[in-house]
Amino acid sequence: MDCITLTNVVKRYGSFEALRNLSFSVPCGGRYALLGPNGAGKSTTMKILAGLLKPDLGTVSIAGYPPDSKEAKAIMGYLPEDPLPYRNLTVRENLEYIAALRGIKNTKEKVDELMYAFDLTQYEKIAAGKLSRGNQQKLSIALAIMHNPQVVLLDEPLNYLDIPTQEKVISILKNMNSTFLVSTHIMSIAMRLTDHVIMIVNGSVLWAGSIQDLKAMGKEDEPIESVVARMMTNAR
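The model shown is predicted, which means the values in this text are computed figures rather than measured ones. Residue numbering note: each chain is counted from 1, following its sequence as written. Residue-level local features of this predicted model are given only where pLDDT is at least 70; pairs of side-chain atoms are given and counted only at 80 or more, and the full residue set underlies all totals for whole chains, interfaces and linings. As a rule here, side-chain values come from all non-hydrogen atoms in the structure, and water together with hydrogens is ignored.

Now for the sheet that holds strand β4 (residues 57-62). In spatial order, the strands read β2-β1-β4; together these three strands make up an open sheet with antiparallel pairing. Taken across any chain shown, the strands that pair with only one partner, and hence form the sheet edges, are β2 (16-27) and β4. On average, each strand axis in the sheet is inclined to that of its neighbour by 15°, with strand direction left out of account. In this sheet, β4 lies alongside strand β1 (residues 2-13) in antiparallel orientation, the contact comprising five bridges. From the neighbouring strand, Leu6 faces β4, where its bridge partner is Val60. Contacts from helix α1 (residues 42-49) reach β1, β2 and β4 within the one sheet, and its direction differs from that of β1 by about 120°. Strand pairing is assigned whenever DSSP detects at least two bridges linking the two strands. Put simply, DSSP marks the helices as runs of H or I at least four residues long and the strands as runs of E at least two long, and each gets a number from the N terminus on. Angular values range over 0 to 180 degrees, each being the angle between N-to-C directions of two axes fitted as lines to C-alpha atoms, with helices fitted over their stretch in contact. It only takes one pair of heavy atoms within 4.5 Å for two residues to be counted as in contact.

Quick look at the sheet that holds strand β6 (residues 151-155) now. Taken in spatial order, the six strands of this open sheet run β5-β6-β7-β3-β8-β9, and their pairing is mixed. In the strand order of this sheet, the two ends are held by β5 (76-79) and β9 (204-210), each with one partner. Here the strands of the sheet are splayed against their neighbours by 15° on average, with no regard to which way each runs. Sheet topology note: the strand β8 (residues 196-201)/β9 ladder contains six bridges and is antiparallel. Within β9, the position partnered with Ile200 by the bridge is Val205. Along the sheet face, helix α9 (residues 224-235) touches β3 (31-35), β8 and β9 and points at about 30° away from the line of β8.

As a further point, take the layout of surface pockets. Rolled over the atoms, a probe as big as a water molecule pinpoints where empty space is left. Computed over the protein atoms alone on a 1 Å grid, cavities are sets of points where a 1.4 Å probe fits but cannot get out and pockets are open sets with protein on both sides within 12 Å along at least five of seven lines; a residue lines them when it has an atom within 4 Å of a point. Grid points are joined across faces, edges and corners, and a volume is the space filled by probe spheres set on the points. When its volume is computed, the largest pocket comes out at roughly 510 Å³. Every residue lining the largest pocket is counted, 19 residues in all, and those nearest its centre are Tyr78, Ile98, Arg102, Leu143 and Ala144. Listed by contribution, the elements that provide at least two residues to the lining of the largest pocket are β5, α3 (91-101) and α5 (133-145). No other element matches the four residues that β5 contributes to the lining of the largest pocket. Broken down by class, the residue content of the lining of the largest pocket amounts to 14 nonpolar, three polar and two charged. Gly is put with the polar residues, along with every residue not named as nonpolar or charged; the nonpolar set is Ala, Val, Leu, Ile, Met, Phe, Trp, Tyr, Cys and Pro, and the charged set is Asp, Glu, Lys and Arg.

Looking now at α5. Take the residue count of a helix, subtract one, and multiply by 1.5 Å to get its expected span. A rise of 1.5 Å per residue sets the reference length of α5, with its 13 residues, at 18 Å; its end C-alpha atoms lie 19 Å apart and thus fit the reference within 8%. Here α5 lies mainly inside the structure; twelve of its 13 residues are buried. Per-residue accessibility, obtained with a 1.4 Å probe over protein chains only, is compared with the maximum for each type, and a residue is labelled buried under 20%, exposed over 50%, and partly exposed between these values. Listing the buried residues of α5 in full gives Gly134, Asn135, Gln136, Gln137, Lys138, Leu139, Ser140, Ile141, Ala142, Leu143, Ala144 and Ile145. Tucked inside the fold, the buried residues of α5 contact β5, α3, α4 (107-117), β6 and α6 (163-174).

Here the focus is the side chain of Thr179. Topologically, Thr179 is positioned in strand β7 (residues 179-184). When residues no more than four places from it in sequence are discounted, the contact partners of Thr179 are Cys3, Ile4, Val26, Pro27, Cys28, Gly29, Gly30, Gln150, Val151 and Val152.

To continue, consider the pattern of salt bridges. Every case where a carboxyl oxygen of Asp or Glu lies within 4 Å of a side-chain nitrogen of Lys or Arg is listed as a salt bridge. Enumeration over the complete set of coordinates arrives at twelve salt bridges. Its salt-bridge partner being Lys168, residue Asp119 comes within 3.8 Å of it at the nearest N-O pair. Of this pair, Asp119 sits in the loop between α4 and α5 while Lys168 sits in helix α6, and the two are 49 residues apart along the sequence. For Asp119, a relative accessible area of 39% puts it in the partly exposed group. Within this structure, Arg92, Glu96, Lys108, Asp112 and Glu124 form a network of salt bridges that share partners.

Time to look at the packing of α3 against α4. For the pair α3 and α4, the least separation of the axes is 10 Å and the interaxial angle reads 130°. With respect to their mutual orientation, α3 and α4 come out oblique. Helix-helix and strand crossings are classified by hand; for α3 and α4 the assignment is right-handed. Of the residues in α4, those touching α3 at Val91, Arg92, Leu95, Glu96 and Ala99 are Thr107, Lys108, Val111, Asp112, Leu114 and Met115. When its residues are assigned to classes, the contact of α3 with α4 shows six nonpolar, one polar and four charged. In these notes the angle categories are as follows: under 35 degrees is roughly parallel, over 145 is roughly antiparallel, 65 to 115 is roughly perpendicular, and the rest is oblique. Here a crossing is called left-handed whenever its near helix is offset anticlockwise from the far helix by less than a right angle, and right-handed whenever the offset is clockwise.

What follows deals with a nonpolar patch on the surface. Taken together, Tyr86, Tyr97 and Leu101 make up a surface patch of nonpolar side chains, about 330 Å² in accessible area. Take Tyr97: it is sitting in helix α3. Patch building starts from residues that exceed 30% relative accessible area and form no salt bridge, then joins like charges within 9 Å and nonpolar side chains (Val, Leu, Ile, Met, Phe, Trp, Tyr) within 5 Å. What sets the accessible areas is the Shrake-Rupley method with a 1.4 Å probe; for residues, cover comes only from the shown protein chains.

Inspection of the secondary structure puts Ser183 in strand β7. Among the polar contacts listed, one links the side chain of Ser183 to the side chain of Asp155, at a separation of 3.4 Å. Ignoring any residue separated from it by four or fewer positions in sequence, one finds Ser183 in contact with Leu34, Lys42, Met46, Leu154, Asp155, Glu156 and Pro157. The definition of a polar contact used here is a pair of N or O atoms within 3.5 Å, where within protein one atom must be able to donate a hydrogen and the other to accept one, and adjacent residues in sequence count solely through side-chain atom pairs.

So this is what it looks like as structure tokens:
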């Protein structure tokens, strides 16, 4: 069964066609990267999957439900590219508020667990708007995954994070038994968090397959980044 499906999706901004008959699927339990250059349509795709944008044409489903339905929202966790927690609420208040909206039981234990996992305990009484950009990112990831969602949509999840924090976040995400779609333009992030790639250029799928298959397309000792760059350049 596929937990993420797009079929012939078109999205226009005025006369500009951001997505051009975009079609792909992610099987339940799959870990896929949505890879592409800047302006390829990655963030637009993620917003459509999260139910924040409607396509002009085509169909989209999250585990069989429309993305903007209550059923899809209940099983989905979404991290936008530049997330902002509630700036006037403290770290703890942000977590408690989203926990209440998600109907999470044992709220205090869950909030304490997340603050510890993301090294946010020392900031629990600080307003989110006063946090560093990296700590805001950590808080936003915690808010997105606190209900152990069946489907996780992450748009550039490692933005603003230092290397030790990246390693911690990667470990947390890899230990989740969810369906993942990670949007990024950085191949190394795709390789750390996923095992399959959907490569899009100019709003359409250029190539899809496993990271191992992608590596095999290169010449001897050719870095995978070079393979990806050549494919994207040739497609423009």
